[in-house]
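A look at the structure
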Amino acid sequence: MKGDYCTREGAERLKEQIEAYWAERGHDVRVNLIQGGFLASMRSARTDVRSNLVNGVPTNSTENFG
């Protein structure tokens, strides 16, 4: 499914889109992919997308995230 961002492949596409979007605007946004556990409701494992964005906006903070 093309719009499924919970799979590893979908999460990787989303990561690339987010990083490219902010890079075009001069921001260094870091995005990590975290492998989640199996969810019975999804009938599969999930991949979480985490970033250093705050409320969807880049920050100047160098704090770790995850």
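Worth saying up front: this structure is predicted, and the values here are computed from it rather than measured.

Take the environment of Thr47 next. Positionally, Thr47 belongs in strand β2 (residues 44–51). Residue class for Thr47 comes out buried when judged on its relative accessible area of 5%. Along the primary structure Thr47 and Asn32 are separated by 15 residues, whereas in three dimensions their C-alpha atoms are 10.0 Å apart. Polar contacts involving the side chain of Thr47 include one to the side chain of Gln35, which spans 3.3 Å.

What follows concerns the side chain of Asp48. Position of Asp48 among the secondary structure elements: in strand β2. Asp48 has contacts with Asn32, Leu33 and Ile34, leaving out every residue within four places of it along the chain.

Let us look at the packing of aromatic side chains. Tallying each qualifying case throughout the model produces 1 aromatic pair. Plain terms: the ring middles of Tyr21 and Trp22 are 4.9 Å apart, the flat faces sit at 85° to each other, and that makes the pair edge-to-face. Using a relative accessible area of 39% as the deciding quantity, one classes Tyr21 as partly exposed. Residue Trp22 is classed as buried on the basis of its relative accessible area of 16%. The ring of Tyr21 has Arg25 lying over it, and the distance from NZ or CZ to the ring centre is 3.6 Å.

Quick look at the confidence of the model for the protein chain now. Averaged over all residues, the pLDDT of the protein chain equals 81, while 82% of them reach at least 70. Taken element by element, the protein chain is modelled with least confidence in β2, mean pLDDT 83, and with most confidence in helix α1 (residues 8–24), mean pLDDT 92. Contacts of residues 61–66 to residues separated by more than four positions or lying in other chains number 11 contacts, the stretch itself having pLDDT below 50.

Moving on to α1. End to end, α1 covers 24 Å across 17 residues, agreeing with the expected 24 Å (1.5 Å per residue, within 8%). Those residues of α1 that fall on the buried side of the exposure criterion are Gly10, Ala11 and Trp22. With its buried residues spanning 100° around the axis, α1 presents them on a single face. For α1, the exposed residues lying more than 90 degrees away from the buried face are Glu9, Glu16, Ala23 and Glu24. Taken together, the buried residues of α1 touch β1 (31–39) and β2. Of the residues trailing α1, Gly26 is marked for its positive phi of about 85°.

About the cut-offs
Residues numbered from 1 in each chain as written. Predicted model: local features only at pLDDT ≥ 70, side-chain atom pairs only at ≥ 80, totals over all residues. Heavy atoms only, no water. Helix = DSSP H or I, 4+ residues; strand = E, 2+ residues; numbered from the N terminus. Buried < 20%, exposed > 50% of the residue type's maximum accessible area, 1.4 Å probe, protein only. Polar contact = N/O pair within 3.5 Å; in protein donor to acceptor, adjacent residues only side chain to side chain. Contact = heavy atoms within 4.5 Å. Phe/Tyr/Trp six-rings, centres within 6.5 Å; stacked < 30°, edge-to-face > 60°. Lys NZ or Arg CZ within 6 Å of the ring centre and 35° of its normal. pLDDT = per-residue confidence, 0-100. Expected span 1.5 Å × (residues − 1). Arc of directions from axis to C-beta.

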